[in-house]
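Each chain is listed here by its residues.
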Amino acid sequence: MDKLSTESYKGVRDFYPEDKFIQKYIFDKMRQVVEAFGYEEYDASILEPTDLYRAKTGEEIINEQTYSFTDRGDRDVTLRPEMTPSLARMIAKQKRELAFPLRWYSIVNNFRYERPQKGRLREFWQLNVDMFGVEGIEAEIEAITIAYKIMRSLKAQETDFELRVNDRNSVNSFLNSLNLDEDKKYKITKIFDKKNKITKPEFEDQIKETLGDGAKEFFNKLKELEVCPEKVSKLIEELKKNNIVNIKFDPFLMRGLDYYTGIVFEVFDTDPENNRSMFGGGRYDNLLDIFGEEKIPAFGFGMGDVTAFEFLKSRNLLPEYKPETDLYLCIIDEKFKGFTDELAQTLRDEKINVAVDYSYKKIGDQIKKANKKKIPFAICVGENEERKGEFMLKRLSDGREFEANEAEIPNTIKLLKIKCAK
RNA sequence: GCGGCCAUGGUGUAAUGGUAACACUAGGGUUUGUGGAUCCCUCAAUCCGAGUUCAAUUCUCGGUGGCCGCCCCA
């Protein structure tokens, strides 16, 4: 028989327990922060009708960069490449039932069909944070504050990252003042988008190449664009009141295309070796149009797990693996299995997570397993324990043993764990 | 979608146009109620397919996969 390959499908991800532990750590921090701001979790199916994405952009993204197929009933379906259209669909559907302002979040995986590369795989997990129904700058302030607090709760220092803000409207009015055709406008926004990746002469050359004679006017007017718009300066001022100071205006920040209608922001890694955008978002007031619904103002951002992971890794901020299991019970002889199981169940009722070793191997081997699994405590159960009801609770980190009877074990473990955490 | 580099046990590395080696890991023992030590033993690999050749893991081509750029970026 041919052996089946152990490779996973190209570009998707396996999470071994130690990987999942890290991912969970990151998501738990995100969750704590957004829930502190009153956001409610929602979810949707990973499969959506393909039209949902066509309607939004209608671009080649849908044709070439999604997992789309026809189901057995001849319906076109797509594995979600992002969460926002599903979110917009859900909100449009139940608009009248919902109490605005609405604060929703989700942490889900998404799929895109493209060549995997650094930090971009075919499967990625993402936190989505969105607020609907707030037209004013309060939405911007809150979302950016949340982004900042997530970074801080992941133990990032203020010097480790930087927030950059722009107003798409000011870019648009700048481009309109140059009287460019749509194609040129589009190309200029592309050049803006990658400005921080290229040198200044490269930037200037690309502008000249695109605009030809018009380049002169462009550079003359460029100063106008570089003046911080009132809306942006007000936003920055408000955020500084919240002690968020690692923030600045970036007149070239674009973040994608037509999708955004106002303020956009991004969080940058300040590492000079890796000075790239980690995540961001912006205002999108028109997204419900496609459902024939009236506008609802919206502001949101998305944050992927891979960039967060790589950031934490580069700053040495990844947590050390600790299993959820508190205690490993080693059975000295098979005849004490029943007694051990009862002990395990009693302890579980006291909220101690207990795993029992049913290998019936030598006791030393069982202790080794507990150690390898990084479980903090072990107890060996045999004749003495059954007779006396006294146990030696062994702390694997240093081998110290603590005597306890059955009733005392839970609290002993809890106390020792608290000490360890400090 | 385009280009560059790469592909050997579970992991990390050797080597060779002719017997694929080492370390770690895993399993077993050294030790019959307490781990991280020592020593011994065992399991386990040349990505897939075709071509050149007496002989290919090695050379050539194709595929697949990985890494890195470009395009794109939700």
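Being a predicted model, the structure only gives us computed values, none of them experimental. (Residues numbered from 1 in each chain as written. Chains lettered and ligands numbered in written order. Predicted model: local features only at pLDDT ≥ 70, side-chain atom pairs only at ≥ 80, totals over all residues. Heavy atoms only, no water.)

Asker: Is there a simple way to think about the pairing of strand 14 (residues 377-381) in this case?
Answerer: As a general feature of sheets, a regular strand has side chains that alternate between the two faces. Buried residues dominate strand 14, accounting for four of its five residues. One ladder, built from two bridges, connects strand 14 with strand 15 (residues 390-395); its direction is antiparallel. Bridge assignment links Phe377 to a residue of strand 15, and that residue is Arg395. (Buried < 20%, exposed > 50% of the residue type's maximum accessible area, 1.4 Å probe, protein only. Helix = DSSP H or I, 4+ residues; strand = E, 2+ residues; numbered from the N terminus. Pairing = 2+ DSSP bridges.)

Asker: Can you help me understand the UniProt feature "binding site: L-histidine" (unreviewed entry) in chain A in this one?
Answerer: Those residues carrying the UniProt feature "binding site: L-histidine" (unreviewed entry) are Glu82, Met83, Thr84, Arg112, Gln126, Asp130, Arg255, Tyr259 and Tyr260 in this numbering. If you trace the backbone, Met83 turns up in the loop between strand 4 (76-79) and helix 4 (84-93). On the accessibility criterion, Met83 (0% relative accessible area) is buried. If near-sequence neighbours (up to four positions away) are discounted, Met83 is found in contact with Tyr42, Asp43, Ala44, Ser106, Val108, Asn110 and Asn128. Examined against the element boundaries, Tyr259 turns out to sit in the loop between strand 8 (247-249) and strand 9 (263-269). For Tyr259, a relative accessible area of 22% translates into the label partly exposed. (UniProt positions renumbered as here; feature names shortened; annotations may be inferred. Contact = heavy atoms within 4.5 Å.)

Asker: Can you help me understand the protein's contact with RNA strand B in this one?
Answerer: Taken together, 40 residues surround RNA strand B, and among them Lys190, Lys369, Asn371, Glu385 and Leu396 come closest. Each atom of RNA strand B within 4 Å of the protein was assigned to sugar, phosphate or base; sugar and phosphate come to 45%. Contact between RNA strand B and Arg115: a base nitrogen at 3.1 Å from a side-chain N or O atom of the residue. Here a base nitrogen of RNA strand B sits 3.0 Å away from a polar atom, N or O, in the side chain of Gln117. Listing elements by their share of the surface near RNA strand B, those giving two or more residues are helix 13 (363-372), helix 14 (383-388) and strand 15. If one sorts the elements of the surface near RNA strand B by residue count, helix 13 sits on top with seven residues. (Near = heavy atom within 4 Å. Polar contact = N/O pair within 3.5 Å; in protein donor to acceptor, adjacent residues only side chain to side chain.)

Asker: How should the nonpolar core be read in this particular structure?
Answerer: Generally speaking, soluble globular proteins have nonpolar side chains that are buried together. The biggest cluster of nonpolar side chains holds 49 residues, and the ones touching the most others in it are Ile26, Ile150, Met151, Val267, Phe301 and Met303. Each residue touching Val267, except ones within four places of it in the same chain, is listed here: Ala147, Met151, Phe161, Glu162, Leu163, Arg276, Ser277, Met278 and Phe279. Among the nonpolar cores identified, the runner-up in size contains 21 residues, and Ile331, Leu343, Val356 and Ile413 belong to it. (Core = buried A, V, L, I, M, F, W, Y, C linked by side-chain atoms within 4.5 Å.)

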